[in-house]
Amino acid sequence: MCANSLVAGLSTGQRVVTVQKGPLYRVRGSHVTLWCKVSGYQGPAEQNFQWSIYLPSAPEREVQIVSTVDPSFPYAIYTQRVRSRGIYVERVQGDAVLLHITELQDRDAGEYECHTPNTDETYFGSYSAKTNLSVIADTLSASMVPQVLTRTEGDAAELTCEVSKATAQHTHLSVGWYHLQETGEHHAEEVLTLSKDFTLRPGPSYMQRFLVGDVQLNKVGNTTYKLSIRGVELSDQGQLYCEAAEWIEDPDETWKDISRKQTGRTSLAVVSQGVLLHETAPGGKMQQPSREADASEFEQPLVGIRRDLSVNITATERSLAEGDTLQLNCVVGSQKSSSSNFQVLWLLNSIQVARVDPHGVLILEEAYEERAKLGKLQAFKQSNTVYVLTIYEVGLQDNGTYHCSVSEMKTPGDFDSIQTNLSSGIQVNVKPVESRMRLSVSTSTPQVMAGDALIFLCEVQGATNPVSVRWWHLPPQHPGPRMLVATMERDGTLSFGSTYQDSRTRGSLRLEKVSSGAFTLVIPNTLDEGDGGRYGCKATEWSQGRSWTEEGETAVTVSPMGLGLHATLRSRTAIISYGQSFELVCQVSASYAFEMVPVSMGWFFQPNTPTGHYHELVWLFPNGTVTWGATQPHFQGKAQLIKSATNFKLRIHNVTAANEGTYQCEVEVWRRSTLPLGKPAAAVKSNAVGIKVMLPDARALQIVRADYSSVLEYGAQFSSPAQKSRFLSQRVSSNTFWLRILSANPGDQGRYYCMVEEWLWLADGWYKLGEGASGGTTLEFKLPERKLRLEETQRSISVRVGEDVTLHCYPLESLAGRLFLRRPTTGDFSLMLRGVEEGDAGVYRCLVQEWQQDSQGKNWTLQAVAYSEHTQLTPVPPESTVLSRICSSPPLLNFILYLPLVLILLLALAVFCWYFKKSKKGSIRGDELMEMQWAGGAKKT
């Protein structure tokens, strides 16, 4: 059935599994859910679910992820993530679940299958469904320039947010503004949002102001969104930030937010107009806000304190965490504030932090100058009545009570003040930030061979600040300091330990940040077992000059390529008959998974000669290349190489004497990183196995020999002129020789082979370098396909006792005197049996053979064989006389007259015979008769 839809025509009670329709696109690092449900099932209301994945690299192989019923279901690659709830199944109802992947990784891309174990009485319907999930990069960004704004009630405020994306798929954006009353508050109030379908949606508290146009959100560029508040209110005080979301439409036509980003926060302080306009007390004097002042809080005594100068200090947030921004506002009230000249001092725990003179020039205490240079402290004159002190990324040293002291000066350049007033103190509490960072280290390569890669994963969770990562290595059985492998700083800068800087040894190390909290280390090429041991990851989270560290480690084993490497050569038999085949098996074993490493295989041969040494026959390399040796070329045409997981076989066909000797195999194992260059990591030779070739029993006869001077020398049996003229040796090329046999006859039947000797001319003569023999070629002659034609009529003859009749060709002693063979004509052969008796009854048959004499007049060759039909002989009482002729029966005299003609035939001679099968007392097999007739023919009977 289709993975994502129901099958038409399913009957009631037929199980159907459906899964979220794909393909789905989700961004790396996001929290992803996939739903799956089952219907039409029987059994309990709560069904079980099992999730698997088919990776693009192996689309036919199922990799099990998580199960609602079997804790051992996950494969090793997913076990840790399932245990830590990085991947889990949420049951929505008894027959529906959600698969959660809390932090999507690139390796999570693939085809997901949801399977429901059967609870029905029979298997009927579908039990699994599939969907595709693709992992894409997170390209969404949102940013806003951090700032601190102080506005008086009724003033306007504007904030801008930059939002962009570069996703290849078609997606929409939504941009919204949110407001927090307090820094530590978790619930943010929505101000105004531009939705994914391009409509504006105000928050409940801002609805009325949106309808009258006091709160607006406009897109003023390709990536710029501006929030405008026409008249700020006291309730607007707090922190504002922008949040952008990227949305994609899934195949089921629903929209899913695949990424969300928040900007930093802007602090907005709203000053009430009542601070500047105090009510007049009875008697015409200004009412001064209550405060606590003490002259000891100042570095110099305060003089001329007047009641008509009011100073008020406010803070956007009094309780902060390390890293937050503190903004203090000092508001001055005076009857002539617009024309007065004020100098403002900022104090923390009675110690001066900064001073702003009447010209607005900032003078910092030495302890704060460095922070100001780094942009982490700012004090300025916003207006003649509002002065601002901002400390970015506050630390524990910023805890305490803050005051602002305002002095009215006669003139901007005068050092004498008219009056001075001190604000009440405001207590600021900075809480230390405790890291929630957790760390786990794992490896997908716990056991490897030397030359293989090592892959490590360091997963950091809970870190909210920049993280640096440091990898170290402690070799096995080598106590001592840990060796630095590589470091990634907070800004992504990479550095490597001294042992790992040269890429020619272990390859180019790769240290990558694959997601927000996942760091990988890849060592492409391990050298030996010394690269095993323990590897650790040390992650450090940094914030406000403080740091928190978590550490984890994992172990790997690197096995040397030669560990336990052994090769054994064996053969079923050590003695091989000439012309047969034999097989050698090289069995290879090691103390590791030998079939997983690159292997080259060599075969060697040592002939049984006094100066014999091992010659290279053939090499089989890891890439499948086969290279044959040059010293034994005759092996290439008859040798077959067979390879399995740990067995290598050499099969030699059509064995000759040249194949007799000692064999050996050699195995080389390679590091993958050095192929095809470099040297093998380890090699081993097998034991030697001797092979003896048994030559045929018949002694081989030399026909002709051509020496290095091309002089022909014939063997004794082939030295006659007639034989020399029939057997011709020809050299048709530099390495091809032919033997031609003219006027071949059956006497030439047998097995032929050639011997080759290699000779070298040196200063003092010819020297023999070696010799070899070819395989045997068998020469046989087949009888011509022509047939002899005999009379096919079956006969039944009745012969009176005492009369003559045809008898068996191999007579019994009692019949010898009564048998007579005759040939009255060329095509008529007869056998006469004189004095038929009752015991002669039976079936008779005629066998005819055609023979041909060779050109020398010496040998005869059988050319054809034929049988006549049967003749039934029945003796009758003496009163009846019967004369029987088989085939044709002229008188015996005719045969005698024609006998000389038969004897002088040279080219063709028919030899014939008759054989007899008794009807009651026994019989002779046809094949026995044939053997007898062949022997008779050979004697030219």
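Residues numbered from 1 in each chain as written. Predicted model: local features only at pLDDT ≥ 70, side-chain atom pairs only at ≥ 80, totals over all residues. Heavy atoms only, no water.

### Some words on the overall build of the protein
Keep this limit in mind: Only DSSP runs of H or I reaching four residues or more are called helices, and only runs of E reaching two or more are called strands; each is numbered from the N terminus. Note on classification: 1.4 Å probe, protein chains only; a residue is buried when its accessible area is under 20% of the maximum for its type, exposed when over 50%, partly exposed between these limits. Whether two residues are in contact is decided by their heavy atoms: any pair within 4.5 Å suffices.
Looking only at helices and strands, the protein has seven helices and 67 strands in total. Here the protein holds 941 residues, and 42% of them are scored as buried. In the protein, the share of contacts with a sequence separation of at least 24, taken over all contacts with a separation of at least 6, comes to 61%.

### Describing the sheet that holds strand β6 (residues 87-93)
Using the following cut-off: Any two strands with at least two DSSP bridges between them are considered paired. Interaxial angle, 0 to 180 degrees, is taken between N-to-C directions of lines fitted to C-alpha atoms, where a helix line uses only the stretch in contact.
With antiparallel pairing, four strands are arranged side by side in an open sheet as β1-β3-β7-β6. Two strands lie at the open edges of the sheet, namely β1 (16-19) and β6, each paired on one side alone. Sheet twist, expressed as the mean angle between neighbouring strand axes with direction ignored, is 20°. As paired strands, β6 and strand β7 (residues 96-101) are joined by six bridges and run antiparallel to one another. Across the sheet, Glu90 pairs through a bridge with Leu98, a residue of β7.

### Thoughts on the environment of Val689
Within the secondary structure layout, Val689 lies in strand β52 (residues 689-694). On the basis of relative accessible area, Val689 is assigned to the buried category, the value being 12%. In this structure the C-alpha to C-alpha distance between Val689 and Leu569, which are 120 residues apart in sequence, comes to 6.8 Å. Setting aside its immediate chain neighbours within four residues, Val689 contacts Leu569, Arg570, Ser571, Leu584, Gly661, Thr662 and Tyr663.

### Quick word on the pattern of salt bridges
Let me state the cut-off plainly: Basic side-chain nitrogens of Lys or Arg form a salt bridge, by our definition, when they fall within 4 Å of a carboxyl oxygen of Asp or Glu.
Considering all chains together, one arrives at 21 salt bridges under this definition. With a shortest N-O distance of 3.3 Å, Arg201 and Glu190 are connected by a salt bridge. Taken together, the residues Arg201 in strand β15 (residues 200-202) and Glu190 in strand β14 (residues 189-194) connect sequence positions eleven residues apart. Measuring nitrogen to oxygen at the nearest pair gives 3.4 Å for the salt bridge that ties Lys376 to Glu393. With a gap of 17 residues between them, Lys376 in the loop between α3 (366-373) and β27 (377-381) and Glu393 in the loop between β28 (386-391) and β29 (400-409) connect regions that are remote in the sequence. We classify Lys376 as partly exposed; its relative accessible area is 29%. Taken together, the shared-partner salt bridges connect Glu243, Lys256, Asp257 and Arg260 into one network.

### Comments concerning the nonpolar core
The condition is simple: Residues belong to a common nonpolar core when they are buried Ala, Val, Leu, Ile, Met, Phe, Trp, Tyr or Cys residues joined through side-chain atoms within 4.5 Å.
By size, the foremost hydrophobic cluster in this structure holds 62 residues, and its most contacted members are Trp471, Cys586, Phe594, Trp603 and Tyr663. When neighbours within four sequence positions are excluded, Cys586 is seen to be in contact with Ala567, Thr568, Leu569, Met601, Trp603, Thr646, Asn647, Phe648, Cys665 and Val667. Grouped together as the second largest cluster of nonpolar side chains are 30 residues, Leu309, Trp346, Leu348 and Ala354 included.

### Some remarks on the state of the cysteines
Here is the rule: Pairs of cysteine sulfur atoms within 2.5 Å are what we label disulfides.
The full count for this structure, using the stated rule, is five disulfides. Between the sulfur of Cys161 and that of Cys242 lies a disulfide, 2.4 Å long from S to S. Classification of the bridge connecting Cys161 and Cys242 rests on its S-S torsion, roughly -75°, and on that basis the disulfide is left-handed. You can see Cys161 sitting in strand β12 (residues 157-164) and its partner Cys242 sitting in strand β18 (residues 238-249), a full 81 residues away along the chain. Here Cys161 and Cys242 have matching classes, each one buried. The disulfide partner of Cys330 is Cys404, and the S-S distance across this bridge is 2.1 Å.

### Side note on the confidence of the model for the protein
Basically, it comes down to this: Note on scores: pLDDT gives the predictor's confidence for each residue, bounded by 0 and 100.
Overall, the predicted model of the protein reaches an average pLDDT of 79, with 81% of residues at or above 70. Scored below 50 in pLDDT, residues 275-306 makes 47 contacts in the model with residues more than four places away or belonging to other chains. With pLDDT under 50 throughout, residues 880-941 is counted as low confidence; its partners more than four residues away or in other chains account for 143 contacts.

### Quick word on a nonpolar patch on the surface
Here is the rule: Each patch is built from residues that are more than 30% exposed by relative accessible area and take part in no salt bridge. Like charges join if they lie within 9 Å; nonpolar side chains (Val, Leu, Ile, Met, Phe, Trp, Tyr) join within 5 Å. Accessible surface is estimated by sampling points in the Shrake-Rupley manner with a 1.4 Å probe; for residues, cover comes only from the protein chains shown.
A cluster of nonpolar residues, Leu760, Leu762, Tyr767 and Leu769, forms a patch on the protein surface that exposes about 350 Å² of accessible area. Of all the elements in the fold, those that place two or more residues in the nonpolar patch are β58 (755-762) and β59 (765-773). Looking at the secondary structure, you find Leu769 in strand β59.

### Some points on the sheet that holds strand β10 (residues 141-143)
Taken in spatial order, the four strands of this open sheet run β10-β12-β17-β16, and their pairing is antiparallel. Each having just a single partner strand, β10 and β16 (215-219) make up the two edges of the open sheet. Geometrically, the sheet is characterised by an average inter-axis angle of 20° between neighbouring strands, direction not taken into account. Bridge analysis of β12 against strand β17 (residues 224-229) gives six bridges, and the strand direction is antiparallel. Bridge assignment links Glu158 to a residue of β17, and that residue is Ser228.

### Notes on the environment of Asp95
Rules: Any pair of nitrogen or oxygen atoms within 3.5 Å is treated as a polar contact; in protein, a donor-acceptor pairing is required on top of that, and neighbouring residues in sequence qualify only through side-chain atoms on both sides.
Tracing the sequence through the fold places Asp95 in the loop between β6 and β7. Along the primary structure Asp95 and Tyr41 are separated by 54 residues, whereas in three dimensions their C-alpha atoms are 9.3 Å apart. Setting aside anything within four residues of it in sequence, one finds Asp95 in contact with Cys36, Lys37, Val38, Tyr41, Ala45 and Phe49. Of the polar contacts made by the side chain of Asp95, one reaches the side chain of Gln93; its length is 2.9 Å.

### A closer look at unusual backbone geometry
Cis rather than trans, the peptide bond between Gly22 and Pro23 has omega equal to 5°. Along the polypeptide, Pro23 turns up in the loop between β1 and β2 (24-27). Unusually for a residue other than glycine, Asn349 sits at a positive phi of about 55°. The residue Asn349 is located in the loop between β24 (341-348) and β25 (351-356) in this model. One non-glycine residue, Ser350, lies in the positive phi region at around 70°. Tracing the sequence through the fold places Ser350 in the loop between β24 and β25. We classify Ser350 as partly exposed; its relative accessible area is 34%.

### As for the pairing of strand β20 (residues 266-271)
Within β20, six of the six residues are buried, leaving the element largely enclosed by the surrounding structure. Because side chains alternate across β20, one face comprises the buried residues Thr266, Leu268 and Val270, and the other comprises Ser267, Ala269 and Val271, equally buried. With five bridges joining them, strand β11 (residues 148-152) and β20 adopt parallel strand pairing. Its bridge partner lying in β20, Thr150 is registered against Ala269. Bridge count for β18 against β20 is three bridges, and the pairing is antiparallel. Paired with Gly238 across the bridge in β20 is Leu268.

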